Amino acid sequence: MDSEAMSTCKKARAEATSIVSSDRLSNLPPEIKGNILSLLNVEEAVRTSTLSSTWRDAWTDMPVICLRDGNFTRTKFITLVDMVLSLHKGTIEEFYISVKRSYHDELARWMLMLSRRSPRSVVIKLNSGLEYRIPSCLFSMGNLMFLLMENCTIRLPLLFQGFKRLTHLSLKLFSSTDMDIKNLISFCPVLTDLRLVRFEGLRCLNIQAPKLEYLKVVGGFEDINLDAPNLEWAFLSLDPKAKAYQSVPIAHDTESYVRKSLGSLNDIKALAISGIFMKYLSKGCILTKFPAVFHRLEHICLVISFSDQRQVLTACSLLQNAPNLKKLDIVILRAQGIRIRQAFKSLPSKCKWTIS
């Protein structure tokens, strides 16, 4: 066989291989095509409908939908979201939307369409500067396992049945009421990860979550009650502007705020206290012995004012009830060296500590 014939054979073989590979890709099951297209942004995925007849509706089986208004005009973005949610055929396992413009009227429509797709994960980041009231239909999504919402107002519907499968709940820049947040948390029986960051309208946080393992609370509140016996990691930060700490503490207060907020944390391994949360803990009665010793607590991080004797005493009480402490980090406000040395007398000999 001459060289020209060999070249022709190789070219034919390459073309045949290309055709077979193309056919293999086009003949993939719809759910596999949907998984492939989920790696693209929604607009690019929709454009694949022009490739061939076999790809025309492939994007309607995408299990992951990620939407950002970015450089879209407002009208074009509304059209895109409406089309994606109305024409989607299968289950939307993960839904993510991040917007910079206002879509108050459209949000309710989108959430209603989304609720019919039984999503497992929903992320809503509303960055227009205006708080959105979350539509009640979102609270009917019974298959949710992950929910993150930013810049919103939360009002639970009267017939809220809870999220029976939800394990992760993250709320940031939100407003609500004590009762709605209490019910939202307590109606999530398998919740393991909870984050409440920068909120308004909450005076007393009641967190009852038997499966909770991770907790982050950052904001202004007057009181907190924790009932989370399986909690392993907690970050608690109280805003210095909280109204409750702009007044003189009540004399003869017999409440133990350490026991109230930390008394149920039998499995806690790492505890971080920031803002003026130590001032909150130092209110009322300071116990030298807690009902339950923190045997598993190995790492504590404290932001504390050593010029406040009650905070020092509270810190000593906390340290005395953590016999297996291995690491202590302290950020000092208005430090006084003599009180620092006195506080450290209660540390276990094996504990490593740092001051900043």
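Everything here concerns the structure above.
For the structure given in this document, a descriptive report is provided here. Just so it is clear, the structure is predicted and the values come from calculations on it, not from any experiment. Each chain carries its own residue numbering, running from 1 in the direction its sequence is written. Reporting in this predicted model follows two pLDDT cut-offs: at least 70 for local features of residues, and 80 or more for side-chain atom pairs to be given and counted; totals over whole chains, interfaces and linings ignore these cut-offs and use all residues. Water and hydrogen atoms play no part in the side-chain values, which are based on all heavy atoms of the structure.

Comments concerning the side chain of Thr153
Line of reasoning, step 1. Numbered from the N terminus, helices here are DSSP runs of H or I no shorter than four residues, and strands are runs of E no shorter than two. Within the fold, Thr153 resides in strand β5 (residues 146-153).
Line of reasoning, step 2. Take Thr153: its relative accessible area is 13%, and that puts it in the buried class.
Line of reasoning, step 3. Between N or O atoms, a polar contact is any pair within 3.5 Å; within protein, one atom must be a potential hydrogen donor and the other a potential acceptor, and residues adjacent in sequence are included only when both atoms are from side chains. Here Ser175 takes part through its side chain, which lies 3.1 Å from a polar atom of the side chain of Thr153.
Line of reasoning, step 4. Contacts: residue pairs with any heavy atoms within 4.5 Å of one another. The residues contacting Thr153, other than those within four sequence positions of it, are Glu131, Tyr132, Arg133, Ile134 and Ser175. Each residue's exposure class comes from its accessible area (1.4 Å probe, protein chains only) as a fraction of the maximum for that residue type: buried when under 20%, exposed when over 50%, partly exposed otherwise.

Some remarks on the pairing of strand β2 (residues 94-99)
Line of reasoning, step 1. Here strand β1 (residues 64-68) runs beside β2; their pairing, made up of five bridges, is parallel. Considered in β2, the bridge of Arg68 is made with Ser98.
Line of reasoning, step 2. One crossover worth recording links β1 to the parallel β2 by way of helix α4 (residues 74-87), and it is right-handed.
Line of reasoning, step 3. Assignment of crossover handedness uses the view with strands pointing away from the viewer, where a clockwise path from the first strand over the helix to the second indicates a right-handed crossover. Crossover β2 to strand β3 (residues 121-126) through helix α5 (residues 104-115) is right-handed. For two strands to be treated as a pair, DSSP must find at least two bridges joining them.

Description of helix α6 (residues 178-186)
Line of reasoning, step 1. Listed in full, the buried residues belonging to α6 are Asp180, Ile181, Leu184 and Ile185. What you see down the axis of α6 is that its buried residues fit within an arc of 125°, all on one side.
Line of reasoning, step 2. Next to the buried residues of α6 lie β6 (168-175), β7 (193-200) and β8 (204-208). When we speak of the arc, we mean the arc of directions from the helix axis to the C-beta atoms.

Overview of helix α9 (residues 309-320)
Line of reasoning, step 1. Multiplying one less than the number of residues by 1.5 Å gives the expected span of a helix. The terminal C-alpha atoms of α9, which comprises 12 residues, lie 17 Å apart, in line with the 16 Å expected from a rise of 1.5 Å per residue.
Line of reasoning, step 2. For α9, the complete set of buried residues consists of Gln311, Val312, Thr314, Ala315, Cys316, Ser317, Leu318 and Leu319.
Line of reasoning, step 3. Where α9 begins, one side-chain oxygen reaches toward the backbone nitrogen of Arg310, 3.1 Å away; that side chain belongs to Asp308.

What to know about the nonpolar core
Line of reasoning, step 1. Buried Ala, Val, Leu, Ile, Met, Phe, Trp, Tyr and Cys residues form a nonpolar core when they are joined through side-chain atoms within 4.5 Å. By size, the foremost hydrophobic cluster in this structure holds 92 residues, and its most contacted members are Phe95, Trp110, Met111, Leu138, Phe163 and Leu196.
Line of reasoning, step 2. Per element, the largest residue contribution to this core is six residues, and it comes from α4.
Line of reasoning, step 3. If we ignore the near neighbours within four places in the chain, the residues touching Leu138 are Met111, Val122, Ile124, Leu144, Leu147, Met149 and Phe163.

Observations concerning the environment of Cys188
Line of reasoning, step 1. Its place among the elements puts Cys188 in the loop between α6 and β7.
Line of reasoning, step 2. Here Cys188 falls in the buried class, since its relative accessible area comes to 2%.
Line of reasoning, step 3. Along the sequence, Cys188 and Ala209 sit 21 residues apart, while their C-alpha atoms lie 7.7 Å from each other.
Line of reasoning, step 4. Other than its neighbours up to four places away in sequence, Cys188 contacts Phe163 and Leu166.

Topic: unusual backbone geometry
Line of reasoning, step 1. The residue Asn151 is not glycine, and still its phi comes out positive at about 60°.
Line of reasoning, step 2. If you trace the backbone, Asn151 turns up in strand β5.
Line of reasoning, step 3. Overall, Asn151 belongs to the buried group, its relative accessible area being 11%.
Line of reasoning, step 4. With a phi angle near 60°, Arg198 is a residue other than glycine that sits in the positive phi range.
Line of reasoning, step 5. When you line up the elements, Arg198 lands in strand β7.
Line of reasoning, step 6. Taking the relative accessible area as the measure of exposure, Arg198 reaches 52% and is therefore exposed.

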